[in-house]
Amino acid sequence: MVHIKAIRAANAELKSLGPGLVAVFVGGTSGIGETTAREFVRQTDSPRVYLIGRNQTQGTNLISEFKTINTKATVNFIQADVSLLKNVDAACAEVTSQESHLNLLFLSPGLLTMRGRTETAEGLDAKFALHYYARLRFVTNLLPLLQSAPEPQKLSRVISVLAAGLETSLNMADLQLKNAYTLKACADHATTMTSLSLRRLARQYPTTSFIHSAPGGVRTNIARDMNPLMRLGMNLVTRLPLPMIVSLRDSGDRHLYAATNAAFKADGKAHLIGWSNEPSANETVLQEQEGSGISEEVWKHTEEVFEKVQNEGKYDS
């Protein structure tokens, strides 16, 4: 485990990367995305930051706060419900119209719910869309900017905060879980499909670093839409004195470290890491799925979803 003091010391040297780093934080107005964005603004020189989220008031407040943290920072807020891929495309188009390159794409939008499948207007489950499809759509849309990250630092990274290490078997007859949906199945599919897809992209784009993170138990407001009893339960769990229970501040520092440190540089292989910044992956499952062609089937399905939603407005398997 990398000690938090060493992580903070490394983060404090980020101005050495030079001015003008560009970062997009999807889910950047709350939780891990917000706290990582805050530290990115604090520790870098004249950054350009895009916060993408649903809450306009929170976005406006963060712009004001971040400008007091770093007066040289340029902070933009894009209001979007990214459970809809059409909104993802619109947000990406706005970033692309403003920037010639991108150094960091940080993905942490999420939904904690006890309800079953909740279909969006595009035919996808809202939770599954936020945890997988929307994130991969951001990646594929913004890859040209990531590939254009300039030298000398050539910082070009994608981080998806979810559940690396919990990869498992997939229901190949129903990848989008139209007919076999459970909350566990949704979590399993989103986690495993994320790891497979980022590993595939890392091989295809070896100059960009792809990271799948499992943050541990972090006290965020992801349970905001649940009933009071469930919110209380979540708060109690994240107060337990266990190693994998991480404070929001520590999680932000650790994710900023993953987003910038040479330990996670691009090398043609995705970095799957746990809360302590150490490797975390179910390699047996992932290698088996890659060797048997399942990884390619997942990618084919993902591209099919994107194409149908873009051309027809809805994915109807």
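Because the structure is predicted, anything quoted here is derived from the model rather than measured. (Residues numbered from 1 in each chain as written. Predicted model: local features only at pLDDT ≥ 70, side-chain atom pairs only at ≥ 80, totals over all residues. Heavy atoms only, no water.)

1. Concerning the side chain of glutamate 34
Okay, step 1: Along the polypeptide, glutamate 34 turns up in helix H2 (residues 31–43).
Okay, step 2: In this structure, glutamate 34 is in contact with Gly27, Gly28, Thr29, Gln58, Leu62 and Phe66, ignoring residues within four places of it in sequence. (Helix = DSSP H or I, 4+ residues; strand = E, 2+ residues; numbered from the N terminus. Contact = heavy atoms within 4.5 Å.)

2. Focus on the packing of aromatic side chains
Okay, step 1: What the rule picks out here adds up to six aromatic pairs.
Okay, step 2: Here the aromatic rings of phenylalanine 128 and tyrosine 133 are separated by 4.9 Å at their centres, their planes lie at 50°, and the arrangement is tilted. Each member of the pair, phenylalanine 128 as well as tyrosine 133, carries the same accessibility label: buried.
Okay, step 3: The interplanar angle of 85° and the centroid separation of 6.0 Å between the aromatic rings of tyrosine 257 and phenylalanine 264 together place this pair among those described as edge-to-face. Assigned by exposure class, tyrosine 257 and phenylalanine 264 land together as buried.
Okay, step 4: Aromatic ring contacts, followed pair by pair, group Phe25, Phe40 and Phe106 into a single cluster. (Phe/Tyr/Trp six-rings, centres within 6.5 Å; stacked < 30°, edge-to-face > 60°. Buried < 20%, exposed > 50% of the residue type's maximum accessible area, 1.4 Å probe, protein only.)

3. Quick word on a negative patch on the surface
Okay, step 1: Among the surface-exposed residues, Glu303, Glu304, Glu307, Glu312 and Asp316 lie close enough to one another that they form a single negatively charged patch.
Okay, step 2: Tracing the backbone shows aspartate 316 in the segment after helix H10 (294–312). (Patch = residues over 30% accessible without salt bridge, like charges linked within 9 Å, V, L, I, M, F, W, Y side chains within 5 Å. Areas by Shrake-Rupley, 256 points an atom, 1.4 Å probe, with all protein chains shown as cover. Salt bridge = Lys/Arg side-chain N within 4 Å of Asp/Glu carboxyl O. Lys, Arg positive; Asp, Glu negative; His and termini not counted. Charge placed at Lys NZ, Arg CZ, Asp CG, Glu CD.)

4. Considerations on helix H4 (residues 85–98)
Okay, step 1: For H4, with 14 residues, the first-to-last C-alpha span of 20 Å sits near the 20 Å given by 1.5 Å per residue.
Okay, step 2: Every buried residue of H4 is listed here: Leu85, Val88, Ala91, Cys92 and Val95. Taken around the axis of H4, the buried residues stretch over an arc of 115°, which confines them to a single face. Along H4, the residues that are exposed and aim more than 90 degrees away from the buried face are Lys86, Ser97 and Gln98.
Okay, step 3: Next to the buried residues of H4 lie strand S1 (22–26), strand S2 (48–53), strand S3 (74–79), helix H5 (126–147) and H10. (Expected span 1.5 Å × (residues − 1). Arc of directions from axis to C-beta.)

This is a description of form; function is not addressed.
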